[in-house]
Amino acid sequence: LNRLMLSGHPKAAFGNAFQAASQQMNRQLLGFQLSGGYTLQNIQLALSAISNVPRSKISSLRLLVDTNRNGQEDFGEQWVEASTITVDGSTGTATFIFTGGQASDSGFVVVGDFVGLERGNTVTFGVTPAGIIAGAGVVTTGSAPTVKHTVASPLMLLDAPFQASNGLIAATQLANVPLMTF
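Note that the structure is a prediction, hence the values are computed from the model and not measured.

Participant: Before we go on, may I ask you to explain the pattern of salt bridges in this structure?
Facilitator: Where charged atoms from two side chains of opposite charge come close, those side chains can pair. Counted by the stated rule, this structure contains two salt bridges. Among the ionic pairs, Asp 113 bridges to Arg 62, the shortest N-O distance being 3.1 Å. Here the residue Asp 113 occupies a position in strand 8 (residues 106–114), and Arg 62 occupies one in strand 4 (residues 58–66), the gap between them amounting to 51 residues. For the pair shown, Asp 113 and Arg 62 are each scored as buried. Close ionic contact of Arg 69 with Asp 105 constitutes a salt bridge, the shortest N to O distance being 3.0 Å.

As structure tokens, this is what we get:
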């Protein structure tokens, strides 16, 4: 029996990566690992429990082939861009295709960029055995934890639609800064 085992990433548990900001860049969204011995053709992630995150707010999703399973990019490790990202209401998918195949014995970390997010926007990322395609006769078993990401509350004043144009910078004290205009 040809069994490919799916499990959580050994680095650690991945948690909510969204902060209180409308733009979220390079957020680690999901981690998992696969056992060795097979050649992957593609991986399809499941997006679920989506709340007010249409496709237009997802700038990109990338998959790090984390060969040493440390949860970060190292020299020689490969990035794969999602070939398709779909969102239909509260569910969606992201598909990563490995042209020429990819050895299954690795960790994987999903990283994404988002724009135009608002307080409470939510999306859950997961991968199931059915989403791992490794060729005819290979059965994937096991599971990896899903990860829910929600934009924190409250958003910073910089993200408010009524924010006055100003030059806020990181400082211990700012004088004469207009906070709201009507």
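Participant: Help me out: how do you make sense of the side chain of Ser 106 in this one?
Facilitator: Within the element layout of this structure, Ser 106 appears in strand 8. Side-chain polar atoms of Ser 106 contact the backbone oxygen of Asp 66, separated by 3.3 Å. Setting aside residues up to four positions removed in sequence, Ser 106 forms contacts with Gln 33, Leu 34, Val 65, Asp 66, Thr 67 and Arg 69.

Participant: Even after reading the chapter, I still don't get the packing of aromatic side chains, so can you show me in this structure?
Facilitator: The geometry of two aromatic rings is summed up by the distance between their centres and the angle between their planes. According to the stated counting rule, one finds two aromatic pairs in the structure shown. An angle of 75° between the planes, with centres 5.0 Å apart, marks the rings of Phe 18 and Phe 114 as edge-to-face. Residue Phe 18 is found in the loop between strand 1 (2–8) and strand 2 (24–34), and its partner Phe 114 is found in strand 8; the two are separated by 96 residues along the sequence. The two residues Phe 18 and Phe 114 agree in class, both being buried. Taken together, a centroid distance of 5.3 Å and an interplanar angle of 20° make the contact between Phe 32 and Phe 108 stacked. On the criterion of sequence distance, the pair formed by Phe 32 in strand 2 and Phe 108 in strand 8 is long-range, its members being 76 residues apart. On the accessibility criterion, Phe 108 (0% relative accessible area) is buried. Sitting above the plane of the Phe 14 ring, Lys 11 keeps its charged end 5.1 Å from the centroid.

Basis of the calculations
Residues numbered from 1 in each chain as written. Predicted model: local features only at pLDDT ≥ 70, side-chain atom pairs only at ≥ 80, totals over all residues. Heavy atoms only, no water. Salt bridge = Lys/Arg side-chain N within 4 Å of Asp/Glu carboxyl O. Helix = DSSP H or I, 4+ residues; strand = E, 2+ residues; numbered from the N terminus. Buried < 20%, exposed > 50% of the residue type's maximum accessible area, 1.4 Å probe, protein only. Polar contact = N/O pair within 3.5 Å; in protein donor to acceptor, adjacent residues only side chain to side chain. Contact = heavy atoms within 4.5 Å. Phe/Tyr/Trp six-rings, centres within 6.5 Å; stacked < 30°, edge-to-face > 60°. Lys NZ or Arg CZ within 6 Å of the ring centre and 35° of its normal.

What is shown is where atoms sit, not what they do.
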